[in-house]
Amino acid sequence: MSAPTTPSSSDATSLDRYFEPTQHEREIYRRWEASGAFRADASSEREPFVISMPPPNATGTLHTGHAVMLAIEDLMIRWRRMQGREALWVPGTDHAAIATESRVIQNLQDGGMADPRAALGREGLIAEIAAFVESSRDTIRHQIRAVGSSCDWSRERYTMDPALNRCVTAVFGKMFRDGLIYRGPRIVNWDPSLQTTVSDDEIEHVERRAKFYTLRYGPFLVATSRPETKLGDTAVAVHPDDERWAEWIGKTFEVPWPKGPTITVRVVADESVDPETGTGALGVTPAHSQIDFEIAERHGLPMIQVIGEDGRMTAAAGEHYAGMTVLECREAFAAELDAAGLLESVEDYSQNASICYRSKQPIEPLPKAQWFISVDEPAVDWRGRKLSLKQVMREVVTSGDIRILPEHQERTYFHWIDNLRDWCISRQIWWGHRVPVWYRGDGEIYVGHRPPEGDGWRQDDDTLDTWFSSALWTWSTLVDPEAAADPDASLAELLARSPDYRAFHPTHVMETGYDILFFWVARMILMTTYATGEVPFETVYLHGLILDKHGRKMSKSHPETAVDPLEVIEEHGADVLRLSMLIGNAPGVDLKLTPERMVGCKRLINKIWNAAKLMQATVERILGDDATARGLPAPPENVEHPVNRWLLARVRALVERVDARLEAYAFGDAAELVRGSFWGELCDFYLEAVKVEPLASERETAETLRYAFATYLRLFHPFVPFVSEYLWGALLATDGDDLLIRAPWPEPVENHRFEREAEGVAAVERLVAAVRGVRVEQGLEPGAKIELDVQALDHAPSLRAAEAIVARLVRAEALRFVEEEAGGASDDGAAVAVDPAFRVTVRLGAADREAERRRLEKQLADIEKRLVGLDRQLANENFLAKAAPTAVESVRRNAEEARATRDAARARLDALS
RNA sequence: AGACCCGUAGCUCAGUUGGUUAGAGCGCUACGUUGACAUCGUAGAGGUCAGCGGUUCGAGUCCGCUCGGGUCUACCA
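To start, this report covers the structure provided alongside it. Keep in mind that what you see is a predicted model, and the values were worked out from it rather than measured.

What about the packing of aromatic side chains?
Then, in step 1: If you walk through the whole model with that rule in mind, you get 30 aromatic pairs.
Then, in step 2: Measuring from centroid to centroid gives 5.7 Å for Phe 19 and Tyr 726, while their planes differ by 50°, and the two rings are tilted. Here Phe 19 is found in the segment before α1 (21–35), whereas its partner Tyr 726 is found in helix α22 (residues 721–732), with 707 residues between them in sequence. Just as Phe 19 is buried, Tyr 726 falls in that class too.
Then, in step 3: Between Tyr 321 and Phe 333, the aromatic rings sit 5.5 Å apart at their centres with planes inclined by 80°, giving edge-to-face as the arrangement. In this pair, Tyr 321 sits in the loop between α6 (290–299) and α7 (326–339) while Phe 333 sits in helix α7, placing the two residues 12 residues apart along the sequence.
Then, in step 4: Residue Phe 333 is classed as buried on the basis of its relative accessible area of 0%.
Then, in step 5: An aromatic cluster is defined as three or more aromatic residues linked by ring pairs; in this entry it consists of Phe 172, Phe 176, Trp 371, Trp 423 and Phe 468.
Then, in step 6: Residue placement shows Arg 117 over the ring face of Trp 430; its charged tip is 4.5 Å from the ring centre.
Then, in step 7: Over the face of the ring belonging to Trp 153 we find Arg 145, whose NZ or CZ atom lies 4.2 Å from the ring centre.

Set out below in C-alpha cells:
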C-alpha cells in the first residue's frame, strides 16, 4: 500500500480499495493531539462539558470494560465538542493500593525475596512499587490512545500526585475536625492473606457447603457454623420474651471446653435474638462477629480474641489449640466435643461465606482499632441544613441534582445507603496515602498535612483506602498543582485558587460500570458534596457489562471466549471495536460481544469507505475541475429536483432524530439511526438514483451529495472517528489543519423540510417495490424487460421526475405516464398494482392472469382485514370520545386511503374475471 | 430472606409518555449482480411479544400473580 498516511488537499483524491486502520490510526491520533483539539481552555466563554475518566489501574492493561467506557465517553466528548461546547475529558490513573502492592510483593517473592516487607522496609518497598508503576503505566496510556480517546493529556492526573495527596489530607483534616472521622475499636473485616482490613463493600459473598454444629453449652444447646469461635464466647443471648430461658437471664455459668479454656458465660436478654431460629439461644463471641460485638457493647460484656491476625488461634484459645489455623481448630475442637459427648448434631448446609474481592480469600472478623468515617453524624452543611453524609447522599439524588441512568439503579443506590455502616478507611498496607495523623506519648494526637513541630511524634502506620482518594477524583484532578503546593492553604482556598476547578466543576457525566456504583460513584457523591458543597456530576451513566457469547462476564478465567480489545484493534481497527460496543448500547444493559457483531461493524466501515469513493467520483464527473473545491459544504439552497430535495429532507430529519437520541443517552439508537439512513437512504437509493439522468449531471446533485456526505461524516465521527477523519482529510479538508474533530456538528436546516418531495419520493420507493413485487409474483425471468404505464394519483411531480430512476431500479424498458386508466379490463397481458399515490400497469409479453389474480386477492385480503380493524375503531364511540384527536384523525385518514386502495384492487380483480 | 433486572424472529437485541399493519443487524432460502462495495442488491420464510388475570375505547408497553434466567444486598446464630 503506497497511499500517504495523511491525505492532504493537494493529493489527487483517489482512495485505496479499502481502509487499512493499522496504517492510519496512529498518525490520525497524533494529528488530533497536535492540533490542540483535546485541550480545554479554562478561560473560554463557551459552555463547558466535562467528563472525568474513571482512572484505570496505573499498572493495568486495557480490557473490555475500559474499552466500552472509553468508547461511550469519547462519543459524548466528541459530540459536545463539535456542538461547540468547551469539552474537557480528564484522563488519569489510579494507584490501586492493594492490587498494586500485592502484585509487586508477588513479583519480589517470585524473584527469591521471601519477605519483601522485612527485607526492604517501608521506604524501600514503596520505592520498589513506585518504580514498578512508573515502568508500567505507559502501557495503559498507549492503550487509551489506541482506542482514539480524545482526552486532555495535558491534564492527566494520578491518584498519588502531590496535589491529589494534598487534597486527601485536606479532606481528612476537615473531616476529623468536624467529627466525621474517628478512630475506634470495632469488628473489622480482616483479610489474613493480605494482612489488612477491607471495607464492607470490598467483601464478596460466595455460597458454599459448610457444616452446621449444634453443641451442648452448659444448660443450653447452641448452634454454630464456626465452633472454634466458641472458645472465645463470653455470653449466651436469648430473647427477653422467651419463656424457656427466662429463669436464666442474668445468671452466669462456666463452660469447661475439652482441652481448652474454661469460659465464663453470662446469660443476657437481647431483642436482636430470634427465638424461632435454632434453639433460640445464641452463643455470643464478641471478638469475631459483628452482631455479637454489638450485643456485647449493649451489655458490657468482655471480649476474648481467640483468632489472631495471622488467621491462627491465639493463646487465649488454650495451649492445645493455639497456633492451629481456623480450619484445623474447627476439626480438632469438634472432635473433642464429640468425644466429650457435647456435640449434639452436625448437619450439612449451604452458607454464604465472606471473601475479599481482591484476594478471594476468607475474611476474618476481628476486633481492631481503625479509622472510620461516620455516615450518621449530622455534621455536613448542605444548603443551609446540617445533614449526615447518608442524608446528603440521599438528598442529592431525590432532589434531582444527580440523575442516575438507568433509573432503576437509583433504588439500588438508596438501598445501599440504608444499609450503610461507618466506612473503615485505614489499611495496613504501605502503598497509598498515609494516614495524616501523628501520635506522641499517650493520647497526644496531631492531624495535618505536614509533621507537627517538636520531637517524639510518630506517624500512623496505616494508609487510606484507595477509594478515599478516588472519591475526590472529579475535583482533586482540577485543583491547581501550584496552589496545592502551599501547605497552609485551607481546602476552600485550594479550590478558590484553581481556575480549572472553577471553570469545570461540577462535571457533567460520570460514565462507568454499574459494578462500581457503591465502591466509587456513591463515595464520590459522599466526599464531594461534603468537601466542596457541590455535587461531583449531574448525570451518572452506568454502562452494562461486556459478556462473552455464553453470557458470562468476560474474565481471564475464560480466555477462549473473552475478547481482547487490543487484538480487535490490531485486527479490525479501533472504529470497529468502538462501534461494536456502541451499537445496541443502552444504560445498564449488558452487551454480548461476539465475532459476528464485529463483522457487521466492519462492513459498515467498508460501506462508508466505498460510498465515499462513489461520492467523489460522481462529484468529479459532474463538476469537472470545479470538484477540487474544498471545505465544509454549505447547505444547498436552490435545489429543485425532488430526489435531491428528498435527500436533504431525510438528512434534516436524521440530524434531528440523532440529536434527540444522543440527548437521551440512547447511544445505540443514535448509531442505528445513522447507519440505517446512510445505508438504506443514501447508499441503496440515492447513490443508485444519481447514476441516471437527469440527476446524474445536474450541478445541484453534486452540491447535494457533497453536503449530505459531509453531514453523514460528521454524524458518524463520534462513533467511528478514524475512518471519518481520514475521509474528511481525503475529500473535504481545506488543508492539513482542517480536521473533522473540530468541524461543527450538523444542525437541522430549516428550509430543507421539503415535506411534499419527501412524501413524493416515498411514493417512488413504493412504486419500485410494487413493480418488483409484480416481477416476483409473475415469476418473470430476472432479465425480462417490462413496460410500465404509471397513472399518478398523487405526487405526480416526484413520480415523473423519478421516471428514469424507477425504470433503472425495476429494469423497465419503457415507462409511460398516463392520465387515465388504460381500460384495465381489456388488458390481458398486464398486471396492475395499486397504491394511494399511483396505479401502475406492468405490461408483459406473457402475463400470467392467475398469478396476478392471486397477488391481487392476497393484497385485497390484507387490506380488507386492516380496514375491518380501522372501521371498527371508527365505529367505537368510546374511541372517538376518549382518544386523542390526532389519533382519531390519523385512523380516519388511513381508513380512507385503505378504502381507495381496496376499491382499485377490487376493480382490477373484476376486470380480470 | 429481601430487592432489582431480564424473558419480543434461529441468534443478538430495538420498540421512546399505551395508539394504525411489532422492527433492525446477523443467520437462513431464492434470484440477481461483479465498473463504489475482501462484495453488494432485491425478494422471501420466520413472532400465541414467557404464561394467566386485571385496568383501558385500545396493552409488547400499565398493575397483580405464576414460571424461567440473571444480578445485587443481608449481622441467620
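Moving on from the coordinates now.
Topic: the sheet that holds strand β5 (residues 181–191)
Then, in step 1: If you walk across this open sheet you meet the 4 strands as β6-β5-β14-β18, and the pairing is antiparallel. The outermost strands of the open sheet, each flanked by one partner alone, are β6 (196–198) and β18 (423–424).
Then, in step 2: Here 2 bridges tie strand β14 (residues 364–373) to β18, and the two strands are oriented antiparallel to one another. Following the sheet pairing, Phe 372 is matched in β18 by Cys 424.

Description of the packing of helix α17 (residues 574–582) against helix α18 (residues 595–623)
Then, in step 1: Two elements in contact, α17 and α18, have axes whose closest approach is 9 Å; the angle formed by their N-to-C orientations is 120°. If you check the angle between α17 and α18, you find them oblique. Crossing of α17 against α18: the hand is right-handed. On the side of α17, the interface is formed by Asp 575, Val 576, Leu 579 and Ser 580, while α18 contributes Arg 597, Met 598, Cys 601, Lys 602, Leu 604 and Ile 605.
Then, in step 2: Its residues assigned to classes, the contact of α17 with α18 comprises 6 nonpolar, 1 polar and 3 charged.

So, unusual backbone geometry
Then, in step 1: Cis peptide bonds are those with omega within 30 degrees of zero, and the linkage from Leu 405 to Pro 406 qualifies with -5°.
Then, in step 2: Along the chain, Pro 406 turns up in the loop between β17 (403–405) and α9 (409–418).
Then, in step 3: The residue after His 505, namely Pro 506, is reached through a cis peptide bond having omega 0°.
Then, in step 4: Here the phi dihedral of Lys 259 falls at roughly 55°; this positive angle occurs in a residue that is not glycine.
Then, in step 5: Within the secondary structure, Lys 259 is located in the loop between β10 (252–256) and β11 (262–269).
Then, in step 6: In this structure, Lys 360 is a non-glycine residue whose phi angle is positive, near 65°.
Then, in step 7: Residue position: Lys 360 is located in the loop between β13 (343–356) and β14.
Then, in step 8: A relative accessible area of 43% means that Lys 360 is categorised as partly exposed.

Regarding the protein's contact with RNA strand B
Then, in step 1: Within the structure, RNA strand B sits among 54 residues, and Tyr 18, Asn 352, Arg 866, Lys 882 and Asn 894 are positioned closest to it.
Then, in step 2: Near-protein atoms of RNA strand B (within 4 Å) split between backbone and bases, with sugar and phosphate holding 55%.
Then, in step 3: Contact distances for RNA strand B include 2.3 Å between a base nitrogen and a backbone N or O atom of Asp 274.
Then, in step 4: Here a phosphate oxygen of RNA strand B sits 3.2 Å away from a polar atom, N or O, in the side chain of Asp 684.
Then, in step 5: Here the residues of the surface near RNA strand B sort into 19 nonpolar, 15 polar and 20 charged.

Quick look at the sheet that holds strand β7 (residues 203–217)
Sheets are built from strands paired through backbone hydrogen bonds, the pairs being either parallel or antiparallel.
Then, in step 1: Spatially, β8-β7-β13 is the arrangement adopted by the 3 strands of the open sheet, whose pairing is antiparallel. Because the sheet does not close on itself, it has two edges, and the strands there are β8 (220–224) and β13. Sheet twist, expressed as the average angle between the axes of neighbouring strands with direction ignored, equals 20°.
Then, in step 2: For β7 and β13, the ladder comprises 13 bridges, and the chain directions are antiparallel. Its bridge partner lying in β13, Glu 207 is registered against Asn 352.

Conventions adopted
Residues numbered from 1 in each chain as written. Chains lettered and ligands numbered in written order. Predicted model: local features only at pLDDT ≥ 70, side-chain atom pairs only at ≥ 80, totals over all residues. Heavy atoms only, no water. Phe/Tyr/Trp six-rings, centres within 6.5 Å; stacked < 30°, edge-to-face > 60°. Helix = DSSP H or I, 4+ residues; strand = E, 2+ residues; numbered from the N terminus. Buried < 20%, exposed > 50% of the residue type's maximum accessible area, 1.4 Å probe, protein only. Lys NZ or Arg CZ within 6 Å of the ring centre and 35° of its normal. Pairing = 2+ DSSP bridges. Axes fitted to C-alpha atoms, helices over the stretch in contact; angles between N-to-C directions. Parallel < 35°, antiparallel > 145°, perpendicular 65-115°, else oblique. Left-handed = near helix turned anticlockwise from the far one by under 90°. Contact = heavy atoms within 4.5 Å. Nonpolar A, V, L, I, M, F, W, Y, C, P; charged D, E, K, R; others polar. Near = heavy atom within 4 Å. Polar contact = N/O pair within 3.5 Å; in protein donor to acceptor, adjacent residues only side chain to side chain.

That is the geometry; function is a separate question.
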